[in-house]
Amino acid sequence: MTTIVGARRIPASTVTSAAVLGLLLIAAVLGPWLAPQDPGAQHLADAALGPGADHWLGTDGLGRDVFSRLLDGTRHALAGPLIVAACTVVLATAIGLLAGFAGGWVDALIMRAIDLIYAVPPLLVAIVVVGVLGGSYPVTVGVLIVLTAPADIRMVRSAVLAQRGLPYVEAAVTLGVGRTRVMGRHLLPNVLPTVLTNGLLDFVTALVALSALAFLGLGIQPGTPDWGLMLAENKDILDLNPAATIVPAMLITLAAASVTVLGDGIYDRLAHREAR
């Protein structure tokens, strides 16, 4: 099944992914009010219960309602990756445009610095830095921004290099249009599909990385409703209440897959519009 917008059909997978993300965003905004129980309330007598009428997804090892914690944790699970993606897109677009359009020593200096950062394993560096600096959530987000940006900078620079020699850019330069205006008004719209797609992939990367760090006990305070932390907290009761572990893992996978599919759909549509 496909949805028609204008003369272009939108694949059902893209529509489905957008709908899933819409539901997750609703849960992120309204989670505290939609949660049927207090996400932090502990009832040790009801620890590790299976799904039932009172607890739709059962309880964790401290008797906390899993469904309520998942709803409340949606905001926390999505906010960090969104910040990483937004900041990375802004940073990478500005630096990538400058490096690709300016060329010369400016490009060489920027790219040598980028290559240095890009050469190190991001997740491993994040684990070391967050562990050394105390593991606060803002520090974790900042580290991921720095480690995610180099790949995007290289992608934007490559897209700018492909556009820089085209007649419309040369004409603008010949007419005396300022460099800032050429980059912002002429080059940026033509590299926009790459920028947006990279931003969505950055969201996925940050979602998985933050969940992995939370699973390791880094970047988040114990007891915070968070999908990655719930995996770590509930792995010991997998045989008693599998939903407490399986559902958070499924939500991480579902969110990552939906954003990836949506990113592909957006890129295809923007590229198709550009090609017409």
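Our structure's up above, just so we're on the same page.
The structure reproduced in this document is the subject of the present report. These numbers come from a predicted model, not from an experiment. (Residues numbered from 1 in each chain as written. Predicted model: local features only at pLDDT ≥ 70, side-chain atom pairs only at ≥ 80, totals over all residues. Heavy atoms only, no water.)

1. Concerning the overall build of the chain
- On a plain count of helices and strands, the chain comes out with nine helices and two strands.
- For the chain, the N- to C-terminal ordering of α and β elements is β-β-α-α-α-α-α-α-α-α-α.
- Overall, the chain is about 75 × 50 × 25 Å in size when its C-alpha atoms are taken along their principal axes.
- Out of the 276 residues belonging to the chain, those deemed buried represent 43%.
- The contacts in the chain between residues at least 6 apart in sequence include a share of 71% that link residues at least 24 apart.
- Taken together, the 16 basic and 18 acidic charged side chains of the chain have centroids lying 18 Å from each other. (Helix = DSSP H or I, 4+ residues; strand = E, 2+ residues; numbered from the N terminus. Buried < 20%, exposed > 50% of the residue type's maximum accessible area, 1.4 Å probe, protein only. Contact = heavy atoms within 4.5 Å. Lys, Arg positive; Asp, Glu negative; His and termini not counted. Charge placed at Lys NZ, Arg CZ, Asp CG, Glu CD.)

2. Notes on the packing of helix α5 (residues 137-164) against helix α7 (residues 179-215)
- Packing of α5 against α7 leaves a shortest axis separation of 9 Å and a crossing angle of 150°. When the interaxial angle is binned, α5 and α7 end up roughly antiparallel. Of the two possible hands of crossing, α5 and α7 adopt the one that is right-handed. Between α5 and α7, the contacting residues are Y137, T140, L144, T148, D152, M155, V156, A159, V160 and Q163 on the first element and L187, N190, V191, T194, V195, N198, D202, A206, A209, L210 and L213 on the second.
- Each residue belonging to the contact of α5 with α7 can be placed in one class, and the counts come to 13 nonpolar, six polar and two charged. (Axes fitted to C-alpha atoms, helices over the stretch in contact; angles between N-to-C directions. Parallel < 35°, antiparallel > 145°, perpendicular 65-115°, else oblique. Left-handed = near helix turned anticlockwise from the far one by under 90°. Nonpolar A, V, L, I, M, F, W, Y, C, P; charged D, E, K, R; others polar.)

3. Observations concerning the packing of aromatic side chains
- Under the defined criterion, the tally for this structure stands at one aromatic pair.
- Between the aromatic rings of W56 and F67, the centroid separation amounts to 5.0 Å while the plane-to-plane angle is 50°, which identifies the pairing as tilted. Taken together, the positions of W56 in the loop between α1 (12-34) and α2 (66-102) and F67 in helix α2 put the pair 11 residues apart, joining distant regions of the chain.
- Residue class for F67 comes out partly exposed when judged on its relative accessible area of 23%. (Phe/Tyr/Trp six-rings, centres within 6.5 Å; stacked < 30°, edge-to-face > 60°.)

4. Some points on a nonpolar patch on the surface
- A cluster of nonpolar side chains, namely L23, I26, V29, L30, W33 and L34, defines an oily patch on the protein surface of about 670 Å² accessible area.
- Inspection of the secondary structure puts L30 in helix α1. (Patch = residues over 30% accessible without salt bridge, like charges linked within 9 Å, V, L, I, M, F, W, Y side chains within 5 Å. Areas by Shrake-Rupley, 256 points an atom, 1.4 Å probe, with all protein chains shown as cover. Salt bridge = Lys/Arg side-chain N within 4 Å of Asp/Glu carboxyl O.)

5. Quick notes on α7
- Between its terminal C-alpha atoms α7 stretches only 46 Å, short of the 54 Å expected from 37 residues at 1.5 Å a residue.
- Of all bends in α7, the biggest is about 60°, found at L188, and the proline P189 comes one to four residues later.
- In the stretch just after α7, G217 is the one whose phi turns positive, near 85°. (Expected span 1.5 Å × (residues − 1). Bend = angle between axes of the 7 residues up to and from the residue.)

6. What to know about the side chain of T194
- Structurally, T194 can be placed in helix α7.
- The contacts of T194, once residues within four sequence positions are left out, are M155, A159 and Y267.

7. Structural notes on the nonpolar core
- Grouped together as the largest cluster of nonpolar side chains are 27 residues, with contacts concentrated most on L24, L70 and W227.
- Tallying contributions element by element places helix α9 (residues 243-275) first for this core, with nine residues.
- If we skip the residues at most four places from it in the chain, W227 touches L24, L70, G73, T74, A77, P248, L251, I252 and A255.
- A126, V141, L147 and A206 belong to the second-largest nonpolar core, a separate cluster that totals 13 residues. (Core = buried A, V, L, I, M, F, W, Y, C linked by side-chain atoms within 4.5 Å.)

8. Digging into the packing of α7 against helix α8 (residues 227-234)
- α8 packs onto α7 with a crossing angle of 30° between their chain directions and a minimal axis gap of 7 Å. Seen along the crossing, α7 lies across α8 with a hand that is right-handed. Residues S211, A214 and F215 of α7 pack against G228, L229, L231 and A232 of α8.
- In terms of residue class, the contact of α7 with α8 is built from five nonpolar, two polar and no charged.

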